Amino acid sequence: MSQTLQRSESRTTAETWVSAFADALSARDVDRVTSLFAEDCYWRDLVSFTWNLKTVEGREQVADMLNATLERTDPSNWEITAEPATADGVTEAWLSFETATGRGTGHVRVVDGKAWTLLTTLDELKGHEEPSGERRPKGAEHGANPDRVTWLEDREKEAKELGYTRQPEVVIIGGGQGGIALGARLRQLGVPTIIVERNEKAGDSWRRRYKSLALHDPVWYDHLPYLKFPDNWPVFAPKDKIGDWLEMYTKIMELNYWGSTTAKSATFDEAAGKWTVVVDRAGTEVTLRPSQLVIALGVSGKPNVPTFPGAEKFRGEQQHSSEHPGPDAYVGKKVVVVGSNNSAFDICGSLWEAGADVTMVQRSSTHLIKSDSLMEHALGALYSEEAVANGVDTRTADLIFASLPYKIMNQFQKPAYDAVREQDADYYARLEKAGFDLDFGDDDSGLFMKYLRRGSGYYIDVGAGELVADGSVKLVNGQVKELTESEVVLEDGTRLEADLVVYATGYRSMNGLAADIVGQDVADKVGKVWGLGSDTTKDPGPWEGEQRNMWKPTQQPNLWFHGGNLHQSRHYSLYLSLQLKARAEGIDTPVYALQETHHTA
């Protein structure tokens, strides 16, 4: 069959489905709409229909969602925006559409004339579009004006007033990549926002980590909104380079970034719809009264520092990985690193390079994948120079990834990791021979699913895995029983002499940090943050279909959680910013299927 004929058939399949779908929606015929979906189907909506992040599964849930949202959403103007394509019996098409309040993008996979997956996203609000392209601001004011206000004078005035004589609409607690990305989105939407960050400068949370830290994700995966990394930016950026980029970005994007500021407390007035947020700004207490409060403190929360018997007697140093300064002070020292995930491997590798005697304590199984193999089999098709050359820019890649419902994402991931396991069989055999407890996830679906389900349990190997495989970094397996004055003692009796113990033991749930600010009652009202409810290790059910409480309304009105890796911070900041902008403008935002509360920690 010729490519021309294939394209023609693909377009006919897509046009037939889209036309029938649009007609049924216009007629408000929910039964006819659901008949266009396969029995086993998924509709993922990012704000456009639900004012939520919600995936409905099966025809019955599709019908329920439409019965609740269709009339007020009033979707229209469905158009195919790129040439549809068919592979393995699946026809894919990109769509555009409008709702009563905005414009959006869609993506559909059609099998045997029925929709298998559908993605709908809200891209912009009508009447509140970002000032870009033809709408970009002029900047300079031409002509003569005795009352002229320069850009600098305007920025200085804003910095002096906002938070003092004029209150922000949004306060973001956390000025890392997540808070910065969201702040940039809100700035472009004209939503007055203050970002509160305890470190002095943007990027300090990167600068303060151990000196060998670098991004394990490639550059194409990590762009920030509006301003991508230069074409000569390194594939894996060192931490201090990332820190400088974030600091520069906050200035270029004109963010109201309050460094050296700690959020002390936040209480919500239900009647007024306002928060009272008390912060310490460089030693001065300031009270902010925003309508919306966003907790943007990363994927995780407080460092998870175990308490072992005898720790108070240990004569050496003890550090959580977040406090580890780097290897320079430990040349020739005996170091025990408790943990076997990304930070543990990074720290072990840098300590070994500096000449320390390093032992890793592995307490549970870990997924390892070589960085090159991850790029080749899991990331390259979407985030690489090759992908860019093939016309897959960052936004397209983000939407392709978003179009895969979490319920079946493991099916798409598993073949890539099966290929990696076969390709790197010798590497994995040497690790296991060294005693490393290796896994590929509960269902062999690999790194991404582990990250999405639990945010831990893996290492992208940029070199330290080989040190464990060849014995350069010593490995022991088991649980820590106690510390003596000079040793780490395992439950099986193994005794490890140590001058330094590093606890690379991860972090607790994000709502633990939130509790320190909004109170335990509010944190418990929201429930667990992160995870899918997959009933896999460290991700208890029930099934959610989306990340718990992330980037969407929670059970606490006007309280939001934002974060994740650079990819998620970039992608989901759009949808969170649109939800916040709509509320700031008084647009009706009835939430379909508000996140229920499950698990308080």
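Quick caveat: nothing in here was measured; it's all calculated off a predicted structure.

### A look at the overall build of the chain
The secondary structure content of the chain amounts to 18 helices and 25 strands. Rg of the C-alpha trace for the chain: 25 Å, near the compact-globule value of 25 Å for 601 residues, within the 12% margin. In terms of principal-axis extent, the alpha carbons of the chain reach across some 75 × 70 × 45 Å. Every one of the 601 residues in the chain was classed for burial, and the buried ones make up 55%. Counting only contacts in the chain whose residues sit at least 6 apart along the sequence, the fraction spanning at least 24 positions is 65%. For the chain, the computed accessible surface area is about 25400 Å², with 47% contributed by carbon and sulfur atoms. Of note, the chain has its 64 positive side-chain charges centred 4 Å away from the centre of its 89 negative side-chain charges.

### Quick notes on the environment of A515
Mapped onto the secondary structure, A515 falls in helix α16 (residues 510–518). Note on A515: relative accessible area 11%, which makes it buried. Separated by 265 residues in the primary sequence, A515 and T250 have C-alpha atoms spaced 27 Å apart.

### A word on the packing of helix α5 (residues 177–188) against helix α7 (residues 239–252)
For the pair α5 and α7, interaxial distance at closest approach is 10 Å and the crossing angle is 20°. On the basis of their axis angle, the class for α5 and α7 is roughly parallel. Judged by the sense of rotation from one axis to the other, the crossing of α5 with α7 is left-handed. Where α5 approaches α7, its residues Q177, I180 and A184 are matched on the opposing element by L246, Y249 and T250.

### Notes on unusual backbone geometry
Here G541 and P542 are connected by a cis peptide whose omega angle stands at 5°. Locating P542 in the fold gives a position in the loop between α17 (520–526) and β25 (559–561). Of note, the phi angle at S260 is positive, near 55°, even though the residue is not glycine. Positive phi values are uncommon outside glycine, yet A282 reaches one of about 50°. Position of A282 among the secondary structure elements: in the loop between β12 (274–281) and β13 (284–288).

### A look at the sheet that holds β13
Sheet architecture is open: three strands sit in the order β11-β12-β13, paired in antiparallel fashion. The open sheet has two edge strands, β11 (261–269) and β13, and neither has a second partner. Strand-to-strand twist in this sheet, taken as the mean axis angle between neighbours without regard to direction, amounts to 15°. Relative to β12, β11 runs antiparallel, the two being bridged by eight bridges. When the bridges of β12 are listed, F268 appears paired with W275.

### Here's the deal with the pairing of strand β21 (residues 480–483)
Along a regular strand, successive side chains alternate from one face of the sheet to the other. Across three bridges, β21 lies against strand β22 (residues 487–490) in antiparallel orientation. Opposite E482, over in β22, you have V489 as the bridge partner. Between β21 and β22, which pair antiparallel and follow one another directly, the connecting turn spans three residues.

### Examining helix α11 (residues 394–402)
Regarding α11, the residues found buried are A397, D398, L399, F401 and A402. The inward-facing, buried residues of α11 contact β1 (37–46), β5 (90–98), β6 (102–111), β7 (114–125), α12 (406–423) and α18 (566–584).

### Quick look at the nonpolar core
When a protein is soluble and globular, its nonpolar side chains tend to lie buried together. Ranked by internal contacts, the top residues of the largest apolar core, which has 130 residues, are L293, V337, M360, F436 and F561. Of the residues forming this core, the biggest block, eight residues, is contributed by α18. Each residue touching F436, except ones within four places of it in the same chain, is listed here: S340, F345, M360, Q362, T366, L368, L431, V468 and L475. Core analysis: the next-biggest nonpolar cluster, separate from the first, contains 30 residues, F21, V30, V33 and I80 among them.

### Notes on the side chain of E197
With respect to the helices and strands, E197 occurs in the loop between β9 (193–196) and α6 (204–207). Within the buried set, E197 has no salt-bridge partner at all; the shortest N-O distance to an opposite charge, 5.0 Å, is to R198. Not counting residues up to four positions away in its chain, the partners in contact with E197 are G174, G175, G176, Y257, W258, G259, S260 and T261.

### Here's the deal with the sheet that holds β9
Overall, parallel pairing links the five strands, which are arranged β10-β9-β8-β14-β25 in an open sheet. Only two strands of the sheet have a single neighbouring strand rather than two, namely β10 (257–258) and β25. As paired elements, strand β8 (residues 170–173) and strand β14 (residues 292–295) share four bridges and run parallel to each other. Along β14, the bridge assignment pairs V171 with L293. The strands that α5 touches are β8, β9, β10 and β14; relative to β8, the one it contacts most, it runs at about 165°.

### Overview of the packing of aromatic side chains
Inspection of every chain in the model, using the stated rule, returns 27 aromatic pairs. Ring plane angle 45° and centroid distance 6.3 Å describe the contact between F49 and F97, whose orientation is recorded as tilted. With F49 in the loop between β1 and β2 (53–57) and F97 in strand β5, this residue pair connects regions lying 48 residues apart in the sequence. By the burial criterion, F49 is buried, and F97 matches it. Pairwise contacts between aromatic rings join W17, F21, F37, W43, F49, W78 and F97 into one cluster.

### Brief notes about the pattern of salt bridges
Applying the stated rule across the entire model yields 40 salt bridges. Among the salt bridges present, the one from K334 reaches D357, with a minimum N-O distance of 3.2 Å. Remark: D357 occurs in strand β17 (residues 357–362) and K334 occurs in strand β16 (residues 334–338); sequence separation between them is 23 residues. The class of D357 is partly exposed, set by a relative accessible area of 25%. Connected via shared salt-bridge partners are D204, R207, D244, E247 and K251.

Rules used in this analysis
Residues numbered from 1 in each chain as written. Predicted model: local features only at pLDDT ≥ 70, side-chain atom pairs only at ≥ 80, totals over all residues. Heavy atoms only, no water. Helix = DSSP H or I, 4+ residues; strand = E, 2+ residues; numbered from the N terminus. Rg over C-alpha atoms; globule rule 2.2 N^0.38 Å. Buried < 20%, exposed > 50% of the residue type's maximum accessible area, 1.4 Å probe, protein only. Contact = heavy atoms within 4.5 Å. Areas by Shrake-Rupley, 256 points an atom, 1.4 Å probe, with all protein chains shown as cover. Lys, Arg positive; Asp, Glu negative; His and termini not counted. Charge placed at Lys NZ, Arg CZ, Asp CG, Glu CD. Axes fitted to C-alpha atoms, helices over the stretch in contact; angles between N-to-C directions. Parallel < 35°, antiparallel > 145°, perpendicular 65-115°, else oblique. Left-handed = near helix turned anticlockwise from the far one by under 90°. Pairing = 2+ DSSP bridges. Core = buried A, V, L, I, M, F, W, Y, C linked by side-chain atoms within 4.5 Å. Salt bridge = Lys/Arg side-chain N within 4 Å of Asp/Glu carboxyl O. Phe/Tyr/Trp six-rings, centres within 6.5 Å; stacked < 30°, edge-to-face > 60°.

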